[in-house]
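# Examining the three-dimensional arrangement
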Amino acid sequence: MNSLVSYEWLKHYVKLADTPEKFAARISLSGPSVERILHPAESLDQIAVGHVLEIKPHPKADRLKIAVVDVGPRTSDRGCIELVCGGINLKPDQWVAVALPGAMVRWHGQGDLVRLEPAEIRGVKSEGMIASANEIGLSLAFPHKEMEILDLGEQLPEAKMKPGAPLADVLGFTGDVVFDMEVTSNRPDAMGMVGMAREAAAILNRPFIWKQPSVPKSKSRNSKFQIRNSASKLCPRYMAAQIDGVKVEPSPWWLRKRLMLAGINPINNIVDVTNYVLLELAQPMHAFDARTVDKGIVVRLARAGEEIKALDGKDYALDDTMLVIADDKKPIAVAGIMGGEVTGVAESTTSIILEAASFDPVSIRRTSRKLNLQSASQQLFEKGLSVEAPECALARAIELILDVAGGELVSTPVDVRAGKYKALSFKISADEINALIGVTLAQKEMVAILKRLGFKITTSGKIIKAVVPWWRDHDIELARDLVEEVARVYGYANIPGVVPFDLAPRPTDAGLVWEDRLKEMAKGAGLVETYSYSFVSRELLKKAGYNAKNLLAVQNSLTAELEIMRTTLLPSLLQIASENRERESEMRLFEIANVYCKRTSDAGPRTSDDLPDEQLELGALFTGMSEPWKVAKGFVEHILNELQIIDSGLQALGSRLRVSWKRLATDNFWHPGRTVQVFVDEALAATVGEVSPEIAQRFKLDGRVALVDMPLTTLFKFATTKKRFAPVSEFPVAKRDLAVVVDARVEFDDMEWEIRGVDPLVSLVRWFDTFKGKGLPAGKKSLAMHLEFSSPERTLESKEVDSLMERVQLCLKEKFKAEIRV
């Protein structure tokens, strides 16, 4: 939560002598951090107080007037200038705000700020403008009708006006700054000015000068209302007081100014006081029009079917889980969130009931979320406020209202509470504090810090007993919280940055390194990375042809869309492509993520609490090109090459590895004629091919769609970063072509493996043609290949090459019953 804090206002509670910049730097090191320093006077630069001496008609416009205005000795002709003005409330002897050339204004309160320049308006020169409040950013403080100018004499009767005085001086903005401060959610007390002053006093070791007011007693014996609390668990304390004879009117300027600098819109003196107390003490309050409250206050749960029109003008339907403040007939407020419109303070109000209470934070949060109703009060109550806070707040509100609105306290404040307050206390040793902080502080210094923070301290030897102040009873929960208090006020910046033990670097996880490398490889190959949930729906799996019956289901899934733990990335990629098909005609997508399978029977003893078997997988999708499966196969070959499993010639690297490609025609998910699987030493390294046209249509994907499924956990076992270098042979390579007729089911990959095993002098085997049809028997095909023979030590003679060719041919005849084509 952020809070706007006026530095001048803060000085009323703590004696501060630092510059705003120095204060902000120091307080940020030990308490709420200052994110920005705002200078309210800057927005009023070149805006001065003017005194209207004479008003003349405009020669060319009936609705405009020419005002002769005294703006001080800054101009010639004894400080008088002529300004063209259309304000409907312009009159002689009026004190106004004059925007001089160079001022930043917003025309009629709308649009962007513009820099004012002298202008000629309907033939009459104007040396500036008489401003309305919304044109100079003061509409919150001085609301007005359309076309009305800011009448300073009427709005600020207590101010001493002088022609030419900077408006910022008159308003009290000069010399003040506003801190935009971030307050952590566990410190709602610091959202108030008094709490922030306590922090500043403790951190800077300055005198805290605020005195807590006490609840006054009424001189009248006529108590006009009662409080009944039937929900004490949700409202452990409720206080109220009645004041008669108040006069509802605009607040004095000092009050409006402080509200405005804190970002609060002034309304009237009664409502402004409740908002002021919230800003000062971080305790929300509310004021009811006593005439509209029937037979006292009732704190209860709402009844089914009840409704309330809140102060925001909206109707809200209540249920029996929501806490309300009611009278004998109806709800008059949603407890801790917002009051009702019917009982709100109006100009005709003469008698009010002030409320200060403590509410259960969980109840407030649930009601706020159900009704979609938020307020500044609700935000504070959600954080958890002390049951001791209402007493101080009510006393302060009574004090202020009697001052700014008059009236008489006609009833001694009524206090209904669930039980007696018992302050928390904790014990900790000075040695433990030093051990946890990492520096050695004197026990006397620790005690002094805690006392400045409001703790009541007693000591017994090295044992420190601290009684928690009521404003921190939702924050300090353990003895070790006291260590944090001492450490932050001492200053984290003063604690040496030394590691208290030998910190050996953790070994790098090889799988994570390979995963990062693979992502770079895929993006370098032109693919776009996608992210999707590890959970999928039964509907998605069914659409992709998977049976979810034997897959892992989440027992407490948030939604049916996230019910099944996926065993493959491919359905998610198909769904992503389907959702983007109208945006992109060609897509190259990939994702690297874990998939989850039930543990196999050989995974050892299992219980019902066993976690699923996680496997890292790469999935890729290609669509929008004429033959996507070839692009997909090329991508797989690129990955295998980058992992040093095959070389650029698609040959296996390393004498112990065999990389083989085999057709896949038995899976209904894949296209039967355009799908292969690649194996490394008989271990599945990838499945690559086109998805079944039927499944592609289910996802409304037109054209051919190719997919890649790579189980990376297996693949990483063969991967290496070591580059293998083979020097270029100094001796010429002998090249031969060979064509053979074999059974149509024979794969070239198997033939290549056998040929390479004939002799180490076989350096290359590369396919270049397959032929079926005329001239060949049924069930046969012709395969043509390039062969290369070389030795790193000498030039091969022709008879050696011929002998090697004979051995190759003999091998093919024996292994595959091949016929040599001449």
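Residues numbered from 1 in each chain as written. Predicted model: local features only at pLDDT ≥ 70, side-chain atom pairs only at ≥ 80, totals over all residues. Heavy atoms only, no water.

Moving on, we get to the pattern of salt bridges. Going through the model one piece at a time under the given rule, you end up with 49 salt bridges. Ionic pairing is found between Arg303 and Glu306, a salt bridge with its closest N-O pair at 3.7 Å. Take Glu306: its relative accessible area is 13%, and that puts it in the buried class. Measuring nitrogen to oxygen at the nearest pair gives 3.1 Å for the salt bridge that ties Asp743 to Arg745. With a relative accessible area of 26%, Asp743 lands in the partly exposed category. Relative accessible area serves as the criterion here: at 72%, Arg745 is assigned to the exposed category. One network of salt bridges, in which partners are shared, links Arg187, Asp189, Glu199, Arg472, Asp475, Glu485 and Arg488. (Salt bridge = Lys/Arg side-chain N within 4 Å of Asp/Glu carboxyl O. Buried < 20%, exposed > 50% of the residue type's maximum accessible area, 1.4 Å probe, protein only.)

Turning to the nonpolar core, a few remarks are in order. By size, the foremost hydrophobic cluster in this structure holds 119 residues, and its most contacted members are Leu10, Tyr238, Ile325 and Leu354. For this core, the leading source of residues is helix 5 (residues 193–204), giving nine residues. Among residues more than four places away in sequence, those in contact with Tyr238 are Ile227, Phe288, Ile297, Val299, Ile325, Glu355, Ala356, Ala357, Val414, Asp415 and Val416. Counting 35 residues, the second largest nonpolar core, distinct from the first, contains Val636, Ile639, Val678 and Ala685. (Core = buried A, V, L, I, M, F, W, Y, C linked by side-chain atoms within 4.5 Å. Helix = DSSP H or I, 4+ residues; strand = E, 2+ residues; numbered from the N terminus. Contact = heavy atoms within 4.5 Å.)

It is worth spelling out empty space enclosed by the protein at this point. Within this structure, the stated rule accounts for three cavities of 30 Å³ or more. Size it by volume and the largest cavity reaches roughly 230 Å³. Asp189, Leu281, Ala389, Trp470 and Trp471 are the residues nearest the centre of the largest cavity, which is lined by 21 residues in total. For the lining of the largest cavity, the secondary-structure elements that each account for two or more residues are helix 5 and helix 10 (389–404). A per-element tally of the lining of the largest cavity places helix 5 first, with three residues. Broken down by class, the residue content of the lining of the largest cavity amounts to ten nonpolar, six polar and five charged. Considering only enclosed or pocket space, the second largest cavity measures out at about 40 Å³ in volume. (1 Å grid on protein atoms, 1.4 Å probe; cavity = no way out; pocket = protein on both sides within 12 Å on 5 of 7 lines; lining within 4 Å. Points joined across faces, edges and corners; volume = space filled by probe spheres on them. Nonpolar A, V, L, I, M, F, W, Y, C, P; charged D, E, K, R; others polar.)

Considered as a void within the structure, the second largest pocket measures approximately 680 Å³ in volume. Lining the second largest pocket are 33 residues, with Asn275, Met285, His286, Leu311 and Ser377 sitting closest to its centre. Put simply, the parts of the chain that give the lining of the second largest pocket at least two residues each are helix 7 (269–281), strand 15 (286–289), strand 20 (331–334), strand 21 (338–339), strand 22 (351–358) and helix 9 (376–383). The dominant element in the lining of the second largest pocket, judged by the number of residues it contributes, is helix 7, at five residues. Grouping the amino acids of the lining of the second largest pocket by side-chain chemistry returns 21 nonpolar, ten polar and two charged.

Okay, the packing of helix 6 (residues 253–261) against helix 7 next. Relative to each other, helix 6 and helix 7 sit at 50 degrees, their axes nearing to 10 Å. Classified by the interaxial angle, the pair formed by helix 6 and helix 7 is oblique. The element helix 6 and its partner helix 7 pack so that their crossing is left-handed. Residues Trp254, Leu255, Arg256, Arg258 and Leu259 of helix 6 pack against Asp272, Val273, Asn275, Tyr276 and Leu279 of helix 7. Tallied by class, the residues present in the contact of helix 6 with helix 7 amount to six nonpolar, one polar and three charged. (Axes fitted to C-alpha atoms, helices over the stretch in contact; angles between N-to-C directions. Parallel < 35°, antiparallel > 145°, perpendicular 65-115°, else oblique. Left-handed = near helix turned anticlockwise from the far one by under 90°.)

This next bit is on the sheet that holds strand 20. Across the sheet, five strands lie side by side as 13-16-19-20-21; this open sheet has mixed pairing. The open sheet has two edge strands with one neighbour each: strand 13 (227–229) and strand 21. Bridge analysis of strand 13 against strand 16 (residues 297–301) gives three bridges, and the strand direction is parallel. By the bridge assignment, Ile227 is partnered in strand 16 with Ile297. (Pairing = 2+ DSSP bridges.)

What follows concerns the packing of helix 8 (residues 361–371) against helix 9. Direction vectors running N to C along helix 8 and helix 9 enclose 140 degrees, while the axes themselves pass 7 Å from each other. Regarding the angle of helix 8 to helix 9, the classification is oblique. Considering the relative orientation of helix 8 and helix 9, their crossing is left-handed. Here Pro361, Ile364, Arg365, Ser368 and Arg369 of helix 8 come into contact with helix 9, specifically with Gln378, Phe381 and Glu382. Here the residues of the contact of helix 8 with helix 9 sort into three nonpolar, two polar and three charged.

Attention shifts here to the pairing of strand 16. Taken residue by residue, a regular strand's side chains alternate between the two faces of the sheet. Buried residues dominate strand 16, accounting for four of its five residues. Bridge count for strand 16 against strand 19 (residues 323–326) is four bridges, and the pairing is antiparallel. Across the sheet, residue Arg300 finds its bridge partner in strand 19, namely Val324.

Moving on, we come to the packing of aromatic side chains. The final tally for this structure, using the stated rule, is 13 aromatic pairs. A centroid spacing of 5.2 Å and a plane angle of 35 degrees characterise the contact between Phe23 and Phe179, whose relative ring orientation is tilted. Placement of the pair is Phe23 in helix 2 (residues 20–30) and Phe179 in strand 12 (residues 178–182), with a sequence separation of 156 residues. Residue Phe23 shares its accessibility class with Phe179, and that shared class is buried. Geometrically, the ring pair formed by Trp254 and Tyr276 is edge-to-face, given 5.7 Å between the ring centres and 90 degrees between the ring planes. Note that Trp254 is positioned in helix 6 and Tyr276 in helix 7, a separation of 22 residues in sequence. A relative accessible area of 32% means that Trp254 is categorised as partly exposed. Every member of this aromatic cluster is reached through a ring pair, and the members are Tyr7, Phe23 and Phe179. The ring of Phe699 is capped by Lys543, whose NZ or CZ atom sits 4.9 Å from the centre of that ring. The ring of Trp661 carries Lys633 above its face, with NZ or CZ at 4.5 Å from the centroid. (Phe/Tyr/Trp six-rings, centres within 6.5 Å; stacked < 30°, edge-to-face > 60°. Lys NZ or Arg CZ within 6 Å of the ring centre and 35° of its normal.)

With that out of the way, let us pick up the environment of Arg417. For Arg417, the position within the fold is in strand 24 (residues 414–417). In this structure Arg417 comes out as partly exposed when scored by relative accessible area, which is 31%. Among all residues touching Arg417, those that are not within four sequence positions of it are Pro236, Arg237, Val387 and Glu388. Polar side-chain contacts of Arg417 include one of 2.7 Å to the side chain of Glu388. In this structure the side chain of Arg417 is engaged in a polar contact, spanning 3.2 Å, whose partner is the backbone oxygen of Gly419. (Polar contact = N/O pair within 3.5 Å; in protein donor to acceptor, adjacent residues only side chain to side chain.)

Attention now goes to the environment of Val414. Residue position: Val414 is located in strand 24. For the pair Val414 and Val676, spaced 262 residues apart in sequence, the C-alpha to C-alpha distance is 84 Å. For Val414, the residues in contact, after removing those within four places along its chain, are Phe225, Ile227, Tyr238, Met239 and Ala240.

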